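Chain by chain, the residues:
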Amino acid sequence: MGSANPKGLSDRLLSGTDALINWARKYSLWPMFFGLSCCFVEKATALTARYDLARFGAEVLRPSPRQADLMIISGTIFKKIAPVILRLYEQMAEPKWVISMGSCANCGGMYDAYSVVQGIDQILPVDVYIPGCPPRPEAVLQGIVELQKKIETESPTRPIFNLKGGTQGSVTPLRVDGRTKSRDPRGPGMQGTAIRGTSVVPPDFRGSRTDLMWTPPPRQIALSSSDQDLSRELSTRFGDALQPIEPTSDMLTLQVTEDRLVDVLKYLKHEATPRFQRLDDLTAIDESARRQPENYADYTMVYHLLSFDSASRLRLKVPLQGQDPVIRSITDVWPSANWYEREVFDLMGIHFEGHPNLHRIIMPPDWQGHPLRKSHPGRATEMAPYTREDAGKLQPLDGGVYVKTSDGEQPLILNIGPHHVSTHGLLRYIASLNGEQITGLELEIGYHHRSVEKIGERQTWHQFIPYLARVDYLAGAANDLPYLLAVETLANIQVPERAQVIRVMLSEFYRLSNHLVWLATYAHDVGAMTPNFYTFREREMILDIVELITGGRLHPSWFRIGGVAAELPEGWKAAVDQFVSIFPKRLQEYENLIRKNPIFKARTQGVGRISLQEAMDWGVTGPNLRSCGLDWDLRKKMPYSGYENFEFEVPTATEGDCYARYLVRIEEMRQSIRIIEQAANNMPAGRYITDDYRYVIPRREDMLKDIESLIHHYINVTRGPKIPRGEAHAACEIPRGEQGYYVVSDGLGYAYRVRIRGPGFANVQVMPLLVVGESIADLIAIIGSVDYILPDIDR
Amino acid sequence: MEPMIASGTLSPWEPGVFSLTIYVILILIFVASQLIIAVWLGEKKKTVEKLRPYESGIIPTGEARLHYPVPFYLVAIFFLIFDVEGAFIFAWAIAHGKLGWAGWLQISFFIVLLLLGLFYIWRKGGLDWGPLTQKD
């Protein structure tokens, strides 16, 4: 060929065709419908009206890799999902390109955690990196433009005509830790130095100076008379097996011996007054890194129960001894304990006697060790780097492993997920089918496990706040509240009224924002395209207000212990007022489109039904519970952050089907806008953060002026406030249901244990009850109606 | 209604072996060139993963050849009944003037017979579509 002479005719011809092919390719990119976490929300937003990705020639997300040539890695790469990503990449059409979107995909970002791959470039070649956490939709557009520039430099004619030379698609070599990249978040050359903060966390604590500090004791409450009666009744009934733990910061707490646990729980569920019908949460604490280990057993099991009758909670603690302790399963008392116990088994290594299916649930099946034990490494950078060979080996299990069949029966097994348009995240359904009918459904979760609970044990109480909004990335600041309430309860921090109202207002904005995304995607799931194009318009209005107030969009990280981060900016009231005047009309428009639509009704009415009794028994919360007919909303029943001062109603429905869940959520939006209106009109004057600076980050103007505030600022920002030894639980009604935080402090600058009770975990566990017996098409309608989000299930 | 007489409105049809041969050869050349270009220019990167069926990013489970209830099959069979019915009725409709009352009676008998069949299918539940067993 003419390669010897660069100005030869054939080369000029080739460069002409190169330009032509590149021009065609760069304006007809086909991104795959592939999202991992928060970043995907911003990527999807880039397709909506305001940003309109279509202008750049990358119009439609393709659901199958066969039809796609661009993979935008949008979000955190989990070790459990990495083999799937590699497979999808291999299955894409040639030539193909990869954009790494967001800090997590670029380098692991803020998730230097055991379950996260520190950068997609360790397993896939990357053409363009988009920085940000998450990058804004404009940044996605910029990424596409950068990729187009890269495509312009390719010379694809030679490979197309099977000639030697030329390039097309991604050819960047993989990065290898220690050679072409450094996983160290501080950059290369720092290997000899320990990461800042490691000397004050378990197991050695040698750098901890928190012990020298004094704090007041944790908050102590006086038990209500009904709690005292219950405590006495239990003591007479179970004698020595049961002992009240006093004082307590938040609720009646009892210590039970392992052998009587099941009896106590049965009594509390069926006979006690009040009856505790719901198992709110079940978790364990590894006590091995306590500052005073002699006061603790090896492990402690913690059960939180909830009574609908008296709107109260109760905590049971069971001390366990031994390296791999065994405890009786309570799945025959509460069926919902099934997943919770599997999670404790997986992450803590505690065995449950009599459990029907005790296997790993969160971590990959071939994982070594139990991550939430104090002896397990917390950071990915403490472990061997994840490589492409690992991604080829550590495959998810075959679907047949999950399906239990009686002899001779051979159902059709269908994998739906983890990568699927309709699973709304990384979740795997394994459906057994008889024709079109679903005869069995198994779920595999854990593809989105970001190790948040473990991270909570190494970040100081303040440093942990940015991780909160990422637990439910569509509910933003609403996530921050339960954690802060728990810490504030434990340390007895009084929040000024103004800060409380600001928190309520932002939480309700995020409820609207979440429900708008839900409305759009749900309508889309059952066949209506139109709402998708419109609801993101109002969502952008909400995010604009949020951005005006907080500076952030999805993850503002703006609430603080003791208040919020800053004063409301100038012009916030006008922006909120304008939104309040517009939104109800827009909502009515959507209602007119959907509510009486015969197709929508046919797809949702009577589909995916769950009875109230089942919903209560399985710990279903939020709109999904209220659509079964129970008037249960924490904002009314156990008010927090001043919700008792607002006038609003709790919408309910009775059918418990997909349509009822739709009705409840729509009505909730109307109530949210009422709350926002009241909050904006009656915003109290006063401080935005408490004036007791012991635990909080002081106002900047104070910090610059007086030495006391400066010292508090210095201590609380660097080594973190010393929160008194104790424990507290707080739960809030976030958009998807009840999110509870249980924080345990050992009197140090960071939590000893943070437990997140996400609404999704319980709401998704009941999925087989909703789905089995329905037809396969209804599965999609049911999945959408439950409105879950993966980081909140897998945490 | 009589069939339209088409003489003079269409070009004369003069079948000839020569033009047909040319036509067939052109088609063969065209098809062959399409196939050759596709084989020549097509991407030939075959890896294990690429050739594997796509099932949401997971290695597919089991095989696709198993006993499978097919409600579609019944619907397809029923459709055949009404399809054939259409063929007979259209044919009759074109010539209904010539066939007279006797023809009308015959076709009515035919339609009634089919309607009985439809009624039978309906009563038997053949038109019900949905899950084979009801939930709960």
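Here, the structure is the one placed above.
Described below are features of the structure shown in this document. For clarity, every value in this text was computed on a predicted model and none was experimentally measured.

### Some words on the overall build of chain A
Scanning chain A from terminus to terminus reveals 27 helices and 18 strands. Seen along its three principal axes, the alpha-carbon backbone of chain A occupies a region of about 100 × 65 × 60 Å. The buried share of chain A, reckoned over its 795 residues, is 62%. Considering only contacts in chain A between residues 6 or more positions apart, those separated by 24 or more positions represent 72%. For chain A, the exposed area adds up to about 28,600 Å²; of that, 53% sits on carbon and sulfur atoms.

### A few points about the interface of chain A and chain B
Each partner contributes residues to the interface: chain A has 47 residues there, and chain B has 26 residues. Here chain A packs against chain B, burying approximately 2,900 Å² in sum over the two surfaces, 50% of which is carbon and sulfur. Its residues placed into classes, the side of chain A that touches chain B shows 19 nonpolar, 18 polar and ten charged.

### Some points on the nonpolar core
Residues and elements named next belong to chain A. Ile73, Met301, Tyr303 and Ile330 are the most contacted members of the largest nonpolar core, which has 202 residues in total. Not counting residues up to four positions away in its chain, the partners in contact with Ile73 are Phe34, Leu36, Ile85, Val98, Ile99, Ser100, Met101, Ala105, Ile120 and Leu124. One finds Cys39, Ala46, Ile99 and Val140 within the second-largest nonpolar core, a separate group that totals 18 residues.

### Points about helix α1 (residues 9–26) of chain A
Residues and elements named next belong to chain A. Look at α1: 26 Å from first C-alpha to last across 18 residues, which is about the 26 Å you get at 1.5 Å a residue. Every buried residue of α1 is listed here: Asp11, Leu14, Asp18, Asn22, Arg25 and Lys26. Angularly, the buried residues of α1 cover 80° about the axis, an arc narrow enough to put them on a single face. For α1, the exposed residues lying more than 90 degrees away from the buried face are Leu9, Arg12, Leu13, Leu20 and Trp23. Where the residues of α1 are buried, they touch β2 (97–101), α5 (137–152) and α6 (157–160).

### Regarding the packing of helix α3 (residues 71–94) of chain B against helix α4 (residues 96–124) of chain B
Each pair of packed helices can be described by the angle between their axes along with the distance between the axes. All names here are of chain B. The N-to-C vectors of α3 and α4 enclose an angle of 170°; their axes lie 9 Å apart at closest approach. Here α3 lies roughly antiparallel to α4, going by the angle between them. Residue-level inspection shows Phe78, Ile81, Phe82, Glu85, Phe88, Ile89, Trp92, Ala93 and Ile94 of α3 in contact with α4, the latter providing His96, Leu99, Gly103, Trp104, Ile107, Phe110, Ile111, Leu114, Leu118 and Ile121. Of the residues contributing to the contact of α3 with α4, the split by class is 16 nonpolar, two polar and one charged.

### A few points about the side chain of Arg458 of chain A
All names here are of chain A. Residue position: Arg458 is located in the loop between α11 (452–455) and α12 (465–469). Within the buried set, Arg458 has no salt-bridge partner at all; the shortest N-O distance to an opposite charge, 5.3 Å, is to Asp112. A polar atom in the side chain of Arg458 sits 3.2 Å from the side chain of Gln459. Apart from the residues lying within four places of it in its own chain, the contact partners of Arg458 are Met110, Asp112, Val201, Gly378, Arg379, Gln463, Tyr467 and Tyr750.

### Considerations on the pairing of strand β13 (residues 437–444) of chain A
All names here are of chain A. Burial within β13 is extensive, with six of its eight residues counted as buried. With seven bridges joining them, strand β12 (residues 428–434) and β13 adopt antiparallel strand pairing. Counterpart to Ala431 in the pairing with β13 is Leu441.

### A word on the sheet that holds strand β3 (residues 128–130) of chain A
Residues and elements named next belong to chain A. Strand order in the open sheet formed by three strands is β1-β2-β3, and the pairing between neighbours is parallel. Pairing within the sheet leaves two strands with one partner each, and these edge strands are β1 (70–74) and β3. Ignoring strand direction, the axes of neighbouring strands in this sheet form an average angle of 20°. Note: β2 against β3, three bridges, orientation parallel. The residue of β3 that forms the bridge with Ser100 is Tyr129.

### What to know about the packing of aromatic side chains
Considering all chains together, one arrives at 26 aromatic pairs over all chains under this definition. When the centroid spacing of 5.3 Å and the interplanar angle of 75° are considered together, the rings of Phe88 of chain B and Phe110 of chain B count as edge-to-face. Within this pair, whereas Phe88 of chain B is found in helix α3, its partner Phe110 of chain B is found in helix α4, the two being separated by 22 residues in sequence. Looking at Phe88 of chain B, the relative accessible area reads 47%, which means it is partly exposed. Among the aromatic residues, ring-to-ring pairing joins Tyr111, Phe464, Tyr467, Tyr483 and Tyr741 of chain A into one connected group. Over the face of the ring belonging to Tyr752 of chain A we find Lys374 of chain A, whose NZ or CZ atom lies 3.9 Å from the ring centre. In this structure, Arg665 of chain A is placed above the aromatic ring of Trp518 of chain A, and the distance from its NZ or CZ to the ring centre is 5.0 Å.

### Some details on the environment of Arg328 of chain A
All names here are of chain A. Take Arg328: it is sitting in strand β9 (residues 326–328). Taking C-alpha positions, Arg328 is 55 Å from Ala49, a pair spaced 279 residues apart along the chain. When sequence neighbours within four positions are dropped, the list of residues in contact with Arg328 reads Glu258, Asp259, Val262, Glu341, Phe352 and Glu353.

What counts, and at which threshold
- Residues numbered from 1 in each chain as written.
- Chains lettered and ligands numbered in written order.
- Predicted model: local features only at pLDDT ≥ 70, side-chain atom pairs only at ≥ 80, totals over all residues.
- Heavy atoms only, no water.
- Helix = DSSP H or I, 4+ residues; strand = E, 2+ residues; numbered from the N terminus.
- Buried < 20%, exposed > 50% of the residue type's maximum accessible area, 1.4 Å probe, protein only.
- Contact = heavy atoms within 4.5 Å.
- Areas by Shrake-Rupley, 256 points an atom, 1.4 Å probe, with all protein chains shown as cover.
- Buried area = accessible area lost by both parts, 1.4 Å probe.
- Nonpolar A, V, L, I, M, F, W, Y, C, P; charged D, E, K, R; others polar.
- Core = buried A, V, L, I, M, F, W, Y, C linked by side-chain atoms within 4.5 Å.
- Expected span 1.5 Å × (residues − 1).
- Arc of directions from axis to C-beta.
- Axes fitted to C-alpha atoms, helices over the stretch in contact; angles between N-to-C directions.
- Parallel < 35°, antiparallel > 145°, perpendicular 65-115°, else oblique.
- Lys, Arg positive; Asp, Glu negative; His and termini not counted.
- Salt bridge = Lys/Arg side-chain N within 4 Å of Asp/Glu carboxyl O.
- Polar contact = N/O pair within 3.5 Å; in protein donor to acceptor, adjacent residues only side chain to side chain.
- Pairing = 2+ DSSP bridges.
- Phe/Tyr/Trp six-rings, centres within 6.5 Å; stacked < 30°, edge-to-face > 60°.
- Lys NZ or Arg CZ within 6 Å of the ring centre and 35° of its normal.

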